[in-house]
Amino acid sequence: MRDSVWMFPLAEIFHFIGLSLLIGSLLVVDLRLLGVIKNMSYAAVYRFLPISLLGFGINMTTGILFLFTDPFRYYPNIAFRMKMLFILLAGLNALWFKFSVYPLTMKNPEANDCGKLAKVVAGLSLLFWFGVIVLGRMIPYVED
Amino acid sequence: MAFIDWVENSALGIWMVDSLWAYPIVLSTHAIGMSIVVGTIVMLDLRILGYAKAAPISSFKSMFVVTWIGVALNFLSGIALFCSDPAQFLFHPVFLTKIGLMITGVVSFYFLWRELGKHDAAAEVEIESSARIKLLAYLTLIIWFSVIVAGRLIAYVELS
């Protein structure tokens, strides 16, 4: 990574593309769960989840590449640690979604209002992922 | 240069440079706005170009308020970021390219938004067969990915 001058900017570009795919696809799903987007069968809505996984995959790969460029920079960085914590929380929220909201919505895929639980999970999803973005931006700012 | 001096000495310019938290807050806002604008537009474009066909294109209309909020957030945070170092940005070729692409992207999205607005929910077939809508989808897709690329490259082109 360090030897090629273009690797870091290229990785950054893909990291930002990945996060846009992740946020965009999650906005479709979460806005539907929140009832902002209506009249879209959940069977269709959930077709956007593979795009979330793609975005996450791109970012995990480029993220690991960043770690390799400067292994001792990130571990002690408080913003980086909190960012990893928020990703974990988002992941737990996603599991919660998978086992509770997903089967609930598939029982009645055309329903525009899916109740409070769906809205809470959707809201937390957006909160955690926007938090990940902010914490990522803070990484250079909390270094000495 | 008078314009640069004026911007640097403006309240916003001074706040961005002096305040410890101004720059990180504005930068975070810009990143969030970017994810919203590029994210929602790319999802719409993917749908128009054939992905997730079971989702009615008309149903994306209520998502666009979020897209426009993202545009507003980035317009405001973008101005603030510019004011933090106008001397560097004003003649920066990569920055100017990004701005040109961004304006084209916003205008293209506006036309796509307007074109979709002409069809009501019952007109899915018309929307699906519209060549103009497909063209605007390709255009916005290419442009918005390019805006991200240009944005990331600004820091890598040094000015003397």
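## A few points about the overall build of chain A
When helices and strands are counted, chain A shows six helices and zero strands. Along chain A, helices (α) and strands (β) appear in the sequence α-α-α-α-α-α when read from the amino end. The dimensions of chain A, computed from C-alpha atoms along their principal axes, are 55 × 25 × 20 Å. Looking at chain A as a whole, 40% of its 144 residues are labelled buried.

## With respect to the overall build of chain B
Along the backbone of chain B there are eight helices and zero strands. Listing the helices and strands of chain B from first to last along the sequence gives α-α-α-α-α-α-α-α. Viewed in the frame of its principal axes, chain B has a C-alpha envelope of about 55 × 25 × 25 Å. Counting every position in chain B, which comprises 160 residues, the buried fraction comes to 38%. When contacts within chain B are restricted to residue pairs at least 6 apart in sequence, long-range pairs at least 24 apart make up 82% of them.

## Structural notes on the interface of chain B and chain A
Listed as interface residues are 27 residues of chain B and, on the opposing side, 31 residues of chain A. At the level of secondary structure, the elements contributing two or more residues to the side of chain B that touches chain A comprise α3 (22-48) and α8 (131-153) of chain B. With 13 residues, α3 of chain B is the single largest residue contributor to the side of chain B that touches chain A. A per-class count over the side of chain B that touches chain A returns 20 nonpolar, six polar and one charged.

## Description of α3 of chain B
Since the α-helix packs 3.6 residues into each turn, any two residues three or four apart lie on the same face. Residue and element names in this part refer to chain B. For α3, with 27 residues, the first-to-last C-alpha span of 39 Å sits near the 39 Å given by 1.5 Å per residue. Judged by how many residues are buried, α3 sits mostly within the fold: 22 of 27 residues are covered. One or two positions beyond α3, positive phi appears at G50, with a value near 115 degrees.

## Overview of the packing of α3 of chain B against helix α4 (residues 64-83) of chain B
Residue and element names in this part refer to chain B. At a closest axis distance of 8 Å, the pairing of α3 and α4 adopts a crossing angle of 145 degrees. Considering the relative orientation of α3 and α4, their crossing is left-handed. The segment α3 lies against α4, with V26, T29, H30, I32, G33, M34, I36, V37, T40 and I41 engaging V66, T67, G70, V71, L73, N74, S77, G78, A80 and L81. In terms of residue class, the contact of α3 with α4 is made up of 11 nonpolar, nine polar and no charged.

## Brief notes about the nonpolar core
Grouped together as the largest cluster of nonpolar side chains are 68 residues, with contacts concentrated most on V28, W129 and V132 of chain A together with V42 of chain B. If you list the elements that add at least two residues to this core, you get α1 (7-33), α2 (42-45), α3 (49-69), α5 (78-107) and α6 (115-138) of chain A together with α3, α6 (93-117) and α8 of chain B. Not counting residues within four places of it along the chain, the set of residues in contact with V28 of chain A comprises I37, V45 and F48 of chain A together with M43 and M63 of chain B.

## Notes on the environment of E8 of chain B
Residues and elements named next belong to chain B. Inspection of the secondary structure assignment puts E8 in helix α1 (residues 2-8). On the neighbour-count criterion, E8 (16 C-beta atoms within 10 Å) is partly exposed. Put simply, E8 and D45 are 37 residues apart on the chain and 39 Å apart in space, counted from C-alpha to C-alpha. Setting aside residues no more than four positions away along its own chain, E8 makes contact with G13 and P86.

## Description of unusual backbone geometry
One non-glycine residue with positive phi stands out, namely N39 of chain A, at about 55 degrees. Along the chain, N39 of chain A falls in the loop between α1 and α2. Phi at A52 of chain B takes a positive value of approximately 55 degrees, unusual for a residue other than glycine. Along the chain, A52 of chain B turns up in the loop between α3 and α4. Its 18 C-beta neighbours within 10 Å are what place A52 of chain B among the partly exposed residues.

## Section: α6 of chain A
The first and last C-alpha atoms of α6 of chain A sit 35 Å apart over 24 residues, in line with the 34 Å expected at 1.5 Å per residue. All of the buried residues along α6 of chain A are A118, V121, A122, S125, F128, W129, V132, I133, L135, G136, R137 and M138 of chain A. On its buried side, α6 of chain A packs onto α1 and α5 of chain A together with α3 of chain B.

What counts, and where the lines are drawn
Residues numbered from 1 in each chain as written. Chains lettered and ligands numbered in written order. Predicted model: local features only at pLDDT ≥ 70, side-chain atom pairs only at ≥ 80, totals over all residues. Helix = DSSP H or I, 4+ residues; strand = E, 2+ residues; numbered from the N terminus. Buried ≥ 20, exposed ≤ 12 C-beta atoms within 10 Å, placed from the backbone. Contact = placed C-beta atoms within 7 Å. Nonpolar A, V, L, I, M, F, W, Y, C, P; charged D, E, K, R; others polar. Expected span 1.5 Å × (residues − 1). Axes fitted to C-alpha atoms, helices over the stretch in contact; angles between N-to-C directions. Left-handed = near helix turned anticlockwise from the far one by under 90°. Core = buried A, V, L, I, M, F, W, Y, C linked by C-beta atoms within 7 Å.

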